[in-house]
Structures are given as C-alpha cells and as structure tokens.
Amino acid sequence: IIEWSTSRSFDRFADVPTRPNAASANVYLIYGLANVTFDTIAILGHNFAAVGATAVAVEISSSNDFSTDFLSVASWSSFGTRLVKTDLSGLRYYDVRWLRVRITSPGSVIPEVGELFLGTRYTVPNRQDMEADDTSLESRGDSTETDSGDQQRVKRWSGRLSTALT
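Residues numbered from 1 in each chain as written. Predicted model: local features only at pLDDT ≥ 70, side-chain atom pairs only at ≥ 80, totals over all residues. Heavy atoms only, no water.

### Remarks on the overall build of the chain
Working step 1: What the chain contains, in helices and strands, is zero helices and ten strands.
Working step 2: Secondary structure elements of the chain occur, N-terminal to C-terminal, as β-β-β-β-β-β-β-β-β-β.
Working step 3: Of all 166 residues assigned to the chain, the portion counted as buried reaches 32%.
Working step 4: Of the roughly 10,500 Å² of accessible surface on the chain, 47% is carried by carbon and sulfur atoms. (Helix = DSSP H or I, 4+ residues; strand = E, 2+ residues; numbered from the N terminus. Buried < 20%, exposed > 50% of the residue type's maximum accessible area, 1.4 Å probe, protein only. Areas by Shrake-Rupley, 256 points an atom, 1.4 Å probe, with all protein chains shown as cover.)

### Examining the pattern of salt bridges
Working step 1: A complete count under the given rule lists four salt bridges for this structure.
Working step 2: Close ionic contact of Arg19 with Glu112 constitutes a salt bridge, the shortest N to O distance being 3.1 Å. Residue Arg19 is located in the loop between strand E1 (5-8) and strand E2 (26-38), and its partner Glu112 is located in the loop between strand E7 (93-104) and strand E8 (115-120); the two are separated by 93 residues in the primary sequence.
Working step 3: Salt bridges here are not isolated pairs; linked through shared partners, they connect Glu59, Arg100 and Arg102. (Salt bridge = Lys/Arg side-chain N within 4 Å of Asp/Glu carboxyl O.)

### Considering the sheet that holds strand E4 (residues 55-61)
Working step 1: Strand order across the open sheet formed by four strands is E2-E7-E4-E5, with antiparallel pairing between neighbours. Looking at strand neighbours, the two that pair on one side only are E2 and strand E5 (71-76), the edges of this open sheet. The average undirected angle you get between the axes of adjacent strands in this sheet is 20°.
Working step 2: Note that E4 and E7 share seven bridges and pair antiparallel. Residue pairing in the sheet places Ser61 in a bridge with Trp98 of E7. (Pairing = 2+ DSSP bridges. Axes fitted to C-alpha atoms, helices over the stretch in contact; angles between N-to-C directions.)

### Overview of the pairing of E4
Working step 1: With six of its seven residues buried, E4 lies for the most part within the structure.
Working step 2: Here E4 runs beside E5; their pairing, made up of five bridges, is antiparallel. Bridged to Val58 within E5 is Ala74.

### Quick notes on the confidence of the model for the chain
For any part of a model where pLDDT is low, the fine detail of the predicted coordinates should not be relied upon.
Working step 1: Mean pLDDT over the chain: 76, with 72% of residues reaching 70 or higher.
Working step 2: When the criterion is pLDDT under 50, residues 1-7 qualifies, and its contacts beyond four places in sequence or with other chains add up to 25 contacts. (pLDDT = per-residue confidence, 0-100. Contact = heavy atoms within 4.5 Å.)

### With respect to the environment of Arg97
Working step 1: Within the fold, Arg97 resides in strand E7.
Working step 2: Separated by 37 residues in sequence, Arg97 and Ile60 place their C-alpha atoms 7.8 Å apart.
Working step 3: Only 2.3 Å separates the side chain of Arg97 from the backbone oxygen of Leu33, close enough to count as a polar contact. (Polar contact = N/O pair within 3.5 Å; in protein donor to acceptor, adjacent residues only side chain to side chain.)

### A look at the environment of Ser148
Working step 1: Mapped onto the elements, Ser148 comes out in the loop between strand E9 (140-145) and strand E10 (151-157).
Working step 2: A relative accessible area of 30% places Ser148 in the partly exposed class.
Working step 3: Along the backbone, Ser148 and Glu115 are 33 residues apart, and their C-alpha atoms lie at a distance of 9.3 Å.
Working step 4: Every residue in contact with Ser148, bar those within four places of it in the chain, is listed here: Leu44 and Thr81.

### Examining the packing of aromatic side chains
Working step 1: Here the structure, examined in full by the defined rule, presents three aromatic pairs.
Working step 2: Plain terms: the ring middles of Phe48 and Phe79 are 5.9 Å apart, the flat faces sit at 70° to each other, and that makes the pair edge-to-face. Separated by 31 residues along the polypeptide, Phe48 in the loop between strand E3 (40-44) and E4 and Phe79 in the loop between E5 and strand E6 (82-85) bring together distant segments of the chain.
Working step 3: Judged by its relative accessible area of 0%, Phe48 is buried. (Phe/Tyr/Trp six-rings, centres within 6.5 Å; stacked < 30°, edge-to-face > 60°.)

Right, here's the structure in full:
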C-alpha cells in the first residue's frame, strides 16, 4: 500500500522489470513523463545490491538528452529492498517532463527496476500525533507489508499516558 498519490512508469507486462539491453558501468533508465509533480520517490523490486551498485541517483531535466536544466533530486549509496525518499530537501518539483535513474555499478550484471513511484505526500490540516479522545487510555495501530517490501503503519486511535503519583 502506497500512502501517497503516485505516477508510475510501467510496461503493461506483469512482473517484468525495466532494464537496459546490456550491462555497463553507468546505466541510465530514462522515463518520459506527462508533466508530473512530485516530492516523493520510491524504487521497488530492484536488484542494485546484487549487481554491486555503488550509487543510484534520480535526475530530472527539461530535455530528453539531459543537457539543459539538469538536476539530481535524490541519491542512495546503500540499498535495501526498497529505496524511498519522502523529503527531497524540502522541495516539490513541478511539471517534470524527463526523469532518469542513473545506476553506477561494476558493469558485469544488468540492473533492474521493478516499480518507480513518483508522488506527493499527504498534507493533513491537523496534527497526526494528537488523539481525538484525550480521556482514552488505549491505543491501537495496524501495520501491513506488501511482497515488494513496502510497509505502512496506520494508527487507528491513540490514548494518553496514564500516570499515578506515588
């Protein structure tokens, strides 16, 4: 479950990752977008640790050759089952037309990306950490995890701390 609105690049084939035709030291996966707005990036279903990648960066530009208005918006140097950035230096990028994922690796194995999500975080008008009922002494939360490793924790309600004087 992704808890933010997303734009997703996909090839309409189930369980087929996006990957280049051959391995190389610097691999670029380029996506043409329809003027997307985002401040959150998630890369799921990748094999970056298996290919020995040393760096992954997400870069945007206004041209498909990345020669003008080139900007790196997120980067990673260690890789878990998912790569997520929910705060891109406090910035939100508007009307993005071209995006690429730059993967730096030894070049012996072809890197793959299962899912690429771009989205905006929810902006809620009230504080999430405040309980609706400050007299309740109980809290309840649920958590879920998908097969790709995406985790979500939902707070159903929360109560206040019970203290007693001694």
